[in-house]
Amino acid sequence: MNMFKNLFDSLLNVRTKWIRIFIPVLGLAVYFFFLTFNNVHTETYDIEPLTNARETIRSPITIENKQETLRKTREASESVEDRFDISEDVAEEQIGYVEEIFTAINKLETETQELAKSSDGPVKLSNQEKVLRLKELLSNSITEKVDDSVFLRLIDVPAVERKRGMDIFISYLKDEYHIGVRTKNKTSAIENVKENIKYSPLDNNMIDALTELSEFAIVENSFYDQEKTAEARNQAVSNVEPVMINAGEVIVREGEAITNEVYEKLQLVGLLNEDRNVFPVIGLGLFILLICSIIGFEMNRIDNQKRLDKGKIASIILISFFVVSIMKVISIFTTQANQLFFIVPIATGVLLVKQLITDRLAIVLSILYALLGGIIFNGQIPGSLNIEAVIYFLFSQFGANIFLMNVKDRLAIVRSGIGMTIVNIIAILLFVFLSFEKYSLGDVIILGGFGIASAFLSAVLTIGLLPFFETGLGILSDIKLLQLSSPNQPLLKKILTEAPGTYHHSIMVANLSETACDAIGANGLLARVAAYYHDIGKTVRPHYFIENQLSIKNPHDVISPIQSAEIIIRHPYDGAELLKKNRMPKEIIDVAMQHHGTTLLKYFYYKEKENNKDAREEDFRYPGPKPQTKETAIISICDSVEAAVRSLKEPTEEKIEEIVSSIVNDRLMDGQLDDCPLTFKEIKIIHQTICETLKGIFHSRIQYPTKEAN
């Protein structure tokens, strides 16, 4: 039956714990979702083509305009002219025919002169005979295409003029053939040569002959190359960049006509289709789910360590509300030209969480806040994330977390702000130097001022908000603990003046407890300060406690053991009431109430047992509760150890080891450590640390000789 009851209680505790964590985290998730909703959800428009835009419309996404890309690709392909292969052989062949004509005419003249020399009288050939003889010397390719009149004109031209005309004519031919003569430009090539000949410094017969010869000399030497043409077109197509519609790009301005092209763009980016807006919202929901799941996991982890109370839950939620809300407000005034995210006091949350809860949670939340900032400062462009904002927020918060150390007063936050200023400026310069955009010196100074303002505001807001969390929500920070550790605190003065022995005992317990807590990673500062106040209840009846009985008779000698036990047992609860009355933090009140757990007052119990065999052990036990935290358990052990070691007349290392082992084992066997999260490994470390500390305090000293000894 007890087994089922324990199982039911366990299930009930788990259910209660998860409800206690789940409901606040769910509320936080809903708040995050609605705050970032417009950063991913785009407005759709019910408009028709060929109307005027009522407002300026920007693209919410970056997407390729495939139809426009295809059009540009087609234009690029069509713009490539056909590629032709110029044949040098054809050019050389035609020029060779021209040279052959002039060479043959020269040879004809030479033959005529030699014939005249062999004959006693002059020999004169008729034009027909000259042409016939010339044709015998020329190739058929020439004689079939060149008219006889051309030959006659060339024959009539003097040799010198003919040579000059040939050189000029061949140079014109080479120019045209070098360019390439195609079917469609053959006529123009011939006309170019004729035009050049017409204005050349030659006699008319030569000009006429060469003009007619141009018809023969100019032929096609440039032929269509399909392979080169295809290669050139493919190269042109590959050079075409995809036509992109970028996020934030203006598609149509207010008052402009919505042409079919503009309408197609609006349709492409989803501004005319309500269904497409669902997917970014689903993505945002998953993103928020992941973020809040991590927050819930960390809260559960702290709860398992019995460090999560209502005040800390409220602190996590309120700090998250504050940080995300201030980012959202500043994002409203942020533009591409005005990067106001640099001024966001993002580190405020980290500074508060680190002091109020744990370092680990501060680091986790700093990452989550930075990711949320990337969405909030995305310019309300779905699917985009402001990476600069994410990186800047991460550096700023990590800098705050690193520089906030050795907290002794609120000035530590100011010192952390100075460190944050340096980190912020370095991060801003990083973006300036990495950017392709050229920043002027004035822009750099303004951005640097934003970084300085961010650090300053973070420090100021932290100092201003910290008392609210400490007082309003009952959160105990290191700064608050340091204030409570001041000897000028009224309750500490009360212990010192009314129970000086207890005060000294508390100081010793505080030293031991802090050292032991630090050794296992617990909160040493909390243990020290709580130890100062743990026996405040003894001030109600200080003389009933042996450390305050200086030169007076022990009052327990004149009362019964049961009465003595009632007085002694009462002091933790008197102390708790006194601390509550003075509005001390709950953690310190719990230590005062729990540091004796349900231990047995053995001395008075056995003393009563000598006279009353029916004495009940329950009457001599503290009502509890047992220590619930590591710090309380350590103070409980150190309290007993310090009192026991102080009672030794000659404390040796062996005796100290024996007493510490005895007390630790007694606490374990009596179940006093069952409700705290201490592990056996940690208990072993605590045991060793206490022994080493006590040995340092009670080390052997040299016995100096007295006068009597001399």
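Along each chain, residue indices are assigned from 1 in the same order as the chain's sequence is written. Reporting of local features is limited, given that this is a predicted model, to residues whose pLDDT is at least 70; pairs of side-chain atoms are given and counted only at 80 or more, and all residues count toward the totals for whole chains, interfaces and linings. Calculated side-chain values reflect all of the structure's heavy atoms, with hydrogen atoms and water omitted.

Student: Which parts of the structure should I look at to understand unusual backbone geometry?
Tutor: Along the chain, Gly 624 connects to Pro 625 via a cis peptide bond; the corresponding omega equals 5°. For Pro 625, the position within the fold is in the loop between α25 (602-611) and α26 (630-646). Here Arg 583, not a glycine, exhibits a phi torsion of approximately 55°, which is positive. Runs of E in the DSSP output that reach at least two residues are strands. Runs of H or I that reach at least four are helices, and both are numbered from the N terminus. Within the secondary structure, Arg 583 is located in the loop between α23 (561-581) and α24 (586-594). Each residue gets one of three labels from its accessible area relative to the maximum for its type: buried under 20%, exposed over 50%, partly exposed in between, using a 1.4 Å probe on protein chains only. Residue Arg 583 is classed as exposed on the basis of its relative accessible area of 78%.

Student: How should I be thinking about the packing of α23 against α24 in this particular structure?
Tutor: Helix packing geometry: the angle between the two helix axes and the distance between the axes. In this analysis, axes come from line fits to C-alpha atoms, helices being fitted only over the stretch in contact, and the angle between any two N-to-C directions falls in the range 0 to 180 degrees. Direction vectors running N to C along α23 and α24 enclose 165°, while the axes themselves pass 7 Å from each other. Considered as vectors, α23 and α24 are oriented roughly antiparallel to each other. Handedness of the α23/α24 crossing: left-handed. Of the residues in α24, those touching α23 at Pro 572, Tyr 573, Ala 576, Leu 579 and Lys 580 are Ile 588, Ile 589, Ala 592 and Met 593. Our angle categories are set so that under 35 degrees counts as roughly parallel, over 145 as roughly antiparallel, 65 to 115 as roughly perpendicular, and the remainder as oblique. In this scheme, a crossing is called left-handed if the near helix is turned counterclockwise away from the far one by less than a right angle; it is called right-handed if the turn is clockwise. The criterion used for residue contact is that any of the two residues' heavy atoms lie within 4.5 Å.

Student: Just to check I follow, could you spell out the pattern of salt bridges for this structure?
Tutor: Pairing is possible between side chains that carry opposite charge, provided their charged atoms lie close to one another. Every case where a carboxyl oxygen of Asp or Glu lies within 4 Å of a side-chain nitrogen of Lys or Arg is listed as a salt bridge. Considering all chains together, one arrives at 25 salt bridges under this definition. Ionic pairing is found between Asp 666 and Lys 602, a salt bridge with its closest N-O pair at 3.3 Å. Note that Asp 666 is positioned in helix α27 (residues 653-669) and Lys 602 in helix α25, a separation of 64 residues in sequence. Given the relative accessible area of 28%, Asp 666 is considered partly exposed.

Student: I keep staring at the nonpolar core and nothing clicks. Help me out?
Tutor: For soluble globular proteins, nonpolar side chains are generally found buried alongside one another. Residues belong to one nonpolar core when they are buried, are Ala, Val, Leu, Ile, Met, Phe, Trp, Tyr or Cys, and are joined through side-chain atoms within 4.5 Å. Counting residues in each nonpolar core, the largest one holds 68 residues, and the members touching the most others are Phe 32, Ile 295, Met 327, Phe 377 and Phe 393. Here this core takes ten residues from helix α15 (residues 359-376), the largest share from any one element. Apart from residues lying up to four places away in sequence, Phe 32 is in contact with Ile 288, Ile 291, Cys 292, Ile 295, Ser 320, Val 324 and Leu 372. Membership of the second largest hydrophobic core comes to 51 residues, among which are Tyr 503, Ala 530, Ile 635 and Ile 637.

Student: Honestly, the packing of helix α21 (residues 500-520) against helix α22 (residues 524-533) in this entry has me stumped. Any pointers?
Tutor: α22 packs onto α21 with a crossing angle of 165° between their chain directions and a minimal axis gap of 8 Å. By the criterion of interaxial angle, the relationship of α21 to α22 is roughly antiparallel. For the element pair α21 and α22, the recorded crossing hand is right-handed. Between α21 and α22, the residues in contact are Ser 506, Ile 507, Val 509, Ala 510, Asn 511, Ser 513, Glu 514, Cys 517 and Asp 518 and Gly 524, Leu 525, Ala 527, Arg 528, Ala 531 and Tyr 532, respectively. For this classification, the nonpolar set comprises Ala, Val, Leu, Ile, Met, Phe, Trp, Tyr, Cys and Pro, the charged set comprises Asp, Glu, Lys and Arg, and every other residue, Gly included, is treated as polar. When its residues are assigned to classes, the contact of α21 with α22 shows eight nonpolar, four polar and three charged.

Student: Help me understand the side chain of Glu 298 in this model?
Tutor: As for its placement among the helices and strands, Glu 298 is situated in helix α12 (residues 278-304). By the criterion applied in these results, polar contacts are pairs of N or O atoms within 3.5 Å in which, for protein atoms, one can donate a hydrogen and the other can accept it, and in which residues neighboring in sequence qualify only through two side-chain atoms. Here the side chain of Glu 298 touches Arg 360 through a polar contact of 2.9 Å, side chain to side chain. Residues within four places of Glu 298 in sequence aside, it is in contact with Arg 360, Leu 361 and Val 364.

Student: Would you explain the packing of aromatic side chains in this entry?
Tutor: The geometry of an aromatic ring pair is captured by two quantities: the separation of the ring centres and the angle between the planes. Pairing of aromatic rings covers Phe, Tyr and Trp, the last counted by its six-membered ring, and requires centre-to-centre distances within 6.5 Å; plane angles under 30 degrees mean stacked, over 60 mean edge-to-face, and any other angle means tilted. Under the counting rule described, the total for this entry stands at 17 aromatic pairs. Where Phe 33 meets Phe 34, the ring centres are 5.6 Å apart and the plane angle is 90°; that geometry is what we call edge-to-face. Among the residues examined, Phe 34 registers a relative accessible area of 60% and is labelled exposed. Its guanidinium or amino end placed over the ring of Phe 84, Arg 182 lies 4.2 Å from that ring's centre, counting from NZ or CZ. Remark: a charge is flagged as sitting over a ring if the NZ atom of Lys or the CZ atom of Arg is within 6 Å of the ring centre and within 35 degrees of the ring normal.

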